[in-house]
Number of protein chains: 2
Amino acid sequence: MITIPFKNKGQFLYEEIYEYLKNEIIAGSLKYQEKLPSKRNMASHLSVSVNTVDAAYGQLMAEGYVESIPKKGYFVCEIDTYFQSEKRAVPEKRSAKSEFETVKIDFSPNAIDHRIFPYDAFRKIFKATFNEYDLNLLNKPDIQGEPDLRKALVDLLYRSRGVICSEDQIIIGSGTDHLLQRLDLLWGRNKEIILENPVYLKAYNIFEKMGNQVISVDIDEKGIRIEPLMKHKNAAIYVTPSHQFPLGMSMPIDRRIKLLNVANQEEGIYIIEDDYDSEFRYNEKPLPSLQSIDKNGKVIYIGTFSKSIAPSMRISYMVLPETLLKTYLEIADQISSPVSSLEQKMIAAFIADGFFEKHVNKMRKVYKEKRITLMNALHQLGDQVSVTGENAGHHLLVQLGNGMTEETMCCRAMNLGVKVYPVSPYFIHGVSKNHQSMVLLGYGSLTEAEIYEGIGLLKKAWDL
Amino acid sequence: MITIPFKNKGQFLYEEIYEYLKNEIIAGSLKYQEKLPSKRNMASHLSVSVNTVDAAYGQLMAEGYVESIPKKGYFVCEIDTYFQSEKRAVPEKRSAKSEFETVKIDFSPNAIDHRIFPYDAFRKIFKATFNEYDLNLLNKPDIQGEPDLRKALVDLLYRSRGVICSEDQIIIGSGTDHLLQRLDLLWGRNKEIILENPVYLKAYNIFEKMGNQVISVDIDEKGIRIEPLMKHKNAAIYVTPSHQFPLGMSMPIDRRIKLLNVANQEEGIYIIEDDYDSEFRYNEKPLPSLQSIDKNGKVIYIGTFSKSIAPSMRISYMVLPETLLKTYLEIADQISSPVSSLEQKMIAAFIADGFFEKHVNKMRKVYKEKRITLMNALHQLGDQVSVTGENAGHHLLVQLGNGMTEETMCCRAMNLGVKVYPVSPYFIHGVSKNHQSMVLLGYGSLTEAEIYEGIGLLKKAWDL
């Protein structure tokens, strides 16, 4: 008869019995087809209640260690030997970012100013949005995105970017990356993807990982070059016309029309307009979007709240031309939305209640002042330094004319605690001649004092 | 000289000048290389200030309609003719779900009970989480997911599912669909994907859309059949061992070991364990996960908060074996997390503060009672009705033995205002013989009275 050495480790008794028997079966001490004692016998033998044994046998049966044959009793099931590979992989620990040097001033092009975030508005909105009476708050989000948010966007995008669309054409996504992946689902792998060079690297990587043929086309001072686009017949052209990333120029109207005409002349050509930070243009009012000029349903317009609200809120949007909508919805019907209903509702209220425009106007003013400060500080560096891409966004580019390489610029800056961002990684086939010795300086999160201190240190680092 | 018919539509003066000139250029009235009046002349001619003209010219230059040639003046740029296709696509309106009949009782397998959602706990947690002092609240989420949430999950998954992992192995995603797409990025298109038949359709659709070879393998009463798996060398096998979807059985230990051994014997084979509703098991304690038995790093464990918190919270998690981690992180480094930091932090606190387990225990009790009610109600239908898959989750299956087809069952039920869900769509190659005349009845969102009313109506609808 089986003897169970009760250990009383705080488990239930039935768990001890279950575990003991399970281990005996795995070890082969109790063999296939061996009969277990009846519940009553086992209970009396172990001096526990029949219910306890019943629970243990129940669990063993549920997991498939034991089966009950009516009128015969309980029998051990056949359990395969478990094969184990001899060597086990060594754990790959995730490396902490190897930044030995302490960063004092970080000119990150992605940072925003935390101090102007409208905490109170969001508190109010949470209170108003999160309540027992809105059952949709707990339901799966609408596959295209919350209707309230799409409605708010139709209006907002028309006023701010000239985008003309119905709420049916809007897809809410969880970041630009996510929407680009969705586009890939729409087209499959045969579509060539044409990207600007230099380029927003995440877009490049996403399309490449997806297995599409990815082609990069150099830009000139007006944006993506037109001539290399002409020979393609089945392609999507990804551009950042408002504010080329990373170089910062905006595409003039003539190039915009030429680009649209490339698409207008081939049925298989579409344009993806990533309008990622169009809210932040300082000298003129924002340029109208490509989508607003497009009359043939050739432009897929993508925008995000990463820059205008916060990078932590993973909400972006895409306006699909009507021609693509039907196919997209057939696919979307099979895939859930990745964006939480609660945050969608909160952003919808943030826009509809007027907080969004107020906030963007405030931010534009703040960033404009930071930009002026940075430009003034850069004047101190003398005429070896030329500045470009300064009219929009949260970063500008600085090029050095004293022969120092980009790598040295970054390295020497870091030695003094200042982090600047090289432009070369954004070039797919190596940095072009005109963009040697060039770095990005972002100013979104820095104070006036930090900007002056940072530029003062760069002056020293770069021998100016 | 140009005359501008000011309309005073509430625009700024400079905007009217800008728009007028822009339209003249687009229309060709102002031609390429034509010289515009100097700012001063224009201003005096229009009786506006030079600053106003300056702003208008500035915008025209920024958009590329006009260029300034130093010491010569302002000239019209060359603008291409814009090609427009003759016919424009007809808008595809998104169709409202065509449910003419009013649904009185919906036996949806995906619904949860809104009445037991812990609104107050979430209000408390929002207050504690959303504040000015946590700068990470606004920053881009960690690519793998918020460390707090991953830490809470290590502990929770160990206690509830026997899953052994470090927080480094956890990836937070925005739903199971999203994580399956991520896996696709990891492997590319050469990996065969093997799915259970019948299957969770979204998984099937995702892998198919991704362009992988998708193979479906029939299940028997223990789960996925082993023999058809043997010939594969480079495949991922997607299974739902805790609670097969949709049929509801759980995989016994012997089949689990056999399945793991298939993976143990081929380097290229992995198992994806979708443990989507393991929290809800009513008769025995939940079966340990496949991941907890796996000793060779062959199981990718996926779970979600859709069922245990709410479908609107798009948060899921994946535990990667260490062998896959390095490759994954290289990719993840290039793609942003789609999950909002705020919600990740809120769920982390919900778990760490003990609310999660309390809530799940409460829900388990509530669903267990609903399930008993449903079983009792089903007894009324007599012995033409057999019930399966009732031990776990939020739904069970009902099969009719009176010769009525599945389609008629659904249709007749709907005519009386009761929505039941056919099992056949989950079968890839048509429903198998054993699963004819079978429907899913979900009970997550129904009250006791609704369950009795619904089953009463089904009795009538199905001639029982």
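The structure this text deals with has already been given above.
Here's a quick rundown of the structure. For clarity, every value in this text was computed on a predicted model and none was experimentally measured. (Residues numbered from 1 in each chain as written. Chains lettered and ligands numbered in written order. Predicted model: local features only at pLDDT ≥ 70, side-chain atom pairs only at ≥ 80, totals over all residues. Heavy atoms only, no water.)

### As for the sheet that holds strand β6 (residues 192-197) of chain A
All names here are of chain A.
- One open sheet holds the eight strands; their spatial order is β5-β12-β11-β10-β9-β6-β7-β8, and the pairing between them is mixed. Unpaired on one side and paired on the other, β5 (170-173) and β8 (223-224) mark the two borders of the sheet.
- Across four bridges, the pairing between β5 and strand β12 (residues 316-319) is antiparallel. Bridging across to β12, Ile-172 finds its partner in Tyr-317. (Pairing = 2+ DSSP bridges. Helix = DSSP H or I, 4+ residues; strand = E, 2+ residues; numbered from the N terminus.)

### Considerations on the pairing of strand β14 (residues 395-400) of chain A
Residue and element names in this part refer to chain A.
- The element β14 is largely enclosed, with a buried count of six among its six residues.
- What you see with β14 is no split at all: His-395, Leu-397 and Gln-399 on one side and Leu-396, Val-398 and Leu-400 on the other are buried throughout.
- With four bridges connecting them, strand β13 (residues 385-388) and β14 associate as antiparallel partners. Looking at β14, one finds that Val-385 is bridged to Leu-400.
- From the end of β13 to the start of β14, which pair antiparallel, there are six residues, and Gly-389 there has a positive phi angle of about 65°.
- In the sheet, β14 pairs with strand β17 (residues 438-442) via five bridges, with the strands oriented antiparallel. Residue pairing across strands places Gln-399 opposite Met-438, the latter belonging to β17. (Buried < 20%, exposed > 50% of the residue type's maximum accessible area, 1.4 Å probe, protein only.)

### Some details on the interface of chain B and chain A
- Residue-level contacts link 97 residues of chain B with 97 residues of chain A.
- Of the roughly 9,300 Å² buried between chain B and chain A on both sides combined, carbon and sulfur atoms contribute 55%.
- Seen at the junction of chain B and chain A, the total is two salt bridges.
- Between A:Glu132 and B:Arg123 there is a salt bridge, with the nearest N and O atoms lying 2.7 Å from each other.
- There are 20 residue pairs in polar contact (both at pLDDT 80 or more) connecting chain B and chain A.
- Looking at the side of chain B that touches chain A, the element that brings in the most residues is helix α8 (residues 253-264) of chain B, giving seven residues.
- Of the residues that constitute the side of chain B that touches chain A, the class distribution is 40 nonpolar, 26 polar and 31 charged. (Contact = heavy atoms within 4.5 Å. Buried area = accessible area lost by both parts, 1.4 Å probe. Salt bridge = Lys/Arg side-chain N within 4 Å of Asp/Glu carboxyl O. Polar contact = N/O pair within 3.5 Å; in protein donor to acceptor, adjacent residues only side chain to side chain. Nonpolar A, V, L, I, M, F, W, Y, C, P; charged D, E, K, R; others polar.)

### Overview of empty space enclosed by the protein
- What the rule picks out here adds up to seven cavities of 30 Å³ or more.
- If you go around the largest cavity, the residues you meet are A:Arg314, A:Pro338, A:Val339, A:Ser340, A:Glu343, B:Arg314, B:Ile315, B:Pro338, B:Val339, B:Ser340 and B:Glu343.
- Residues of the lining of the largest cavity, tallied by class, amount to five nonpolar, two polar and four charged.
- Put simply, the parts of the chain that give the lining of the second largest cavity at least two residues each are α6 (176-187) of chain A together with α6 (176-187) of chain B. (1 Å grid on protein atoms, 1.4 Å probe; cavity = no way out; pocket = protein on both sides within 12 Å on 5 of 7 lines; lining within 4 Å. Points joined across faces, edges and corners; volume = space filled by probe spheres on them.)

### What about helix α12 (residues 355-379) of chain A?
Residue and element names in this part refer to chain A.
- Compared with an ideal rise of 1.5 Å per residue, which puts 25 residues at 36 Å, α12 spans 36 Å between its outermost C-alpha atoms and is within 8% of the ideal.
- Within α12 the residues assigned to the buried category are Phe-356, His-359, Val-360, Met-363, Tyr-367, Lys-370, Arg-371, Thr-373, Leu-374, Ala-377 and Leu-378.
- For α12, the elements touching its buried residues are α5 (147-161), α11 (341-352), β13, β14, β17 and α14 (448-461). (Expected span 1.5 Å × (residues − 1).)

### Remarks on the packing of α6(A) against helix α7 (residues 201-210) of chain A
Residues and elements named next belong to chain A.
- Across the interface, α6 lies against α7 with an axial gap of 10 Å and an inter-helix angle of 30°. Considering only the axes of α6 and α7, their crossing is right-handed. Seen from α6, the contacting residues are Asp-177, Leu-180, Gln-181 and Asp-184; seen from α7, they are Lys-202, Ala-203, Ile-206, Phe-207 and Met-210. (Axes fitted to C-alpha atoms, helices over the stretch in contact; angles between N-to-C directions. Left-handed = near helix turned anticlockwise from the far one by under 90°.)

### A few points about the packing of aromatic side chains
- Taken as a whole and judged by the stated rule, the model has 37 aromatic pairs over all chains.
- Between the aromatic rings of A:Phe305 and A:Phe356, the centroid separation amounts to 5.6 Å while the plane-to-plane angle is 85°, which identifies the pairing as edge-to-face. Here A:Phe356 lies in helix α12 and A:Phe305 lies in the loop between β11 (299-304) and β12, a separation of 51 residues in the sequence.
- Judged by relative accessible area, A:Phe305 falls into the buried class, the value being 0%.
- Judged by its relative accessible area of 4%, A:Phe356 falls in the buried class.
- With centroids separated by 5.3 Å and ring planes inclined at 85°, the aromatic side chains of B:Phe245 and B:Tyr426 adopt a geometry described as edge-to-face. Note that B:Phe245 is positioned in the loop between β9 (235-239) and α8 and B:Tyr426 in the loop between β16 (421-422) and β17 (438-442), a separation of 181 residues in sequence.
- Take B:Tyr426: its relative accessible area is 14%, and that puts it in the buried class.
- Positioned over the ring face of A:Tyr270 is A:Lys298, at 4.8 Å from the centre of the ring. (Phe/Tyr/Trp six-rings, centres within 6.5 Å; stacked < 30°, edge-to-face > 60°. Lys NZ or Arg CZ within 6 Å of the ring centre and 35° of its normal.)

### Focus on the nonpolar core
- In this structure, A:Leu441, A:Trp462, B:Leu441 and B:Trp462 are the most contacted members of the largest nonpolar core, which totals 137 residues.
- Here B:Trp462 is in contact with B:Val398, B:Leu400, B:Asn402, B:Met404, B:Met409, B:Ala413, B:Val420 and B:Val439, once residues within four sequence places are set aside. (Core = buried A, V, L, I, M, F, W, Y, C linked by side-chain atoms within 4.5 Å.)

### Some remarks on the pattern of salt bridges
Residue and element names in this part refer to chain B.
- Summed over all chains, the structure comprises 31 salt bridges over all chains.
- Across the pair Glu-266 and Lys-233 runs a salt bridge whose closest N-O atoms are separated by 3.0 Å. Residue Glu-266 is found in the loop between α8 and β10 (270-274), and its partner Lys-233 is found in the loop between β8 (223-224) and β9; the two are separated by 33 residues along the sequence.
- Judged by its relative accessible area of 52%, Lys-233 is exposed.

### Some words on the environment of B:Arg255
All names here are of chain B.
- Tracing the backbone through its elements, the reader meets Arg-255 in helix α8.
- On the basis of relative accessibility, which here comes to 10%, the residue Arg-255 falls in the buried class.
- Put simply, Arg-255 and Tyr-443 are 188 residues apart on the chain and 29 Å apart in space, counted from C-alpha to C-alpha.
- Those residues within four positions of Arg-255 in sequence are excluded, and the remaining contacts are Asp-220, Lys-222, Gly-223, Ile-224, Arg-225 and Ile-226.

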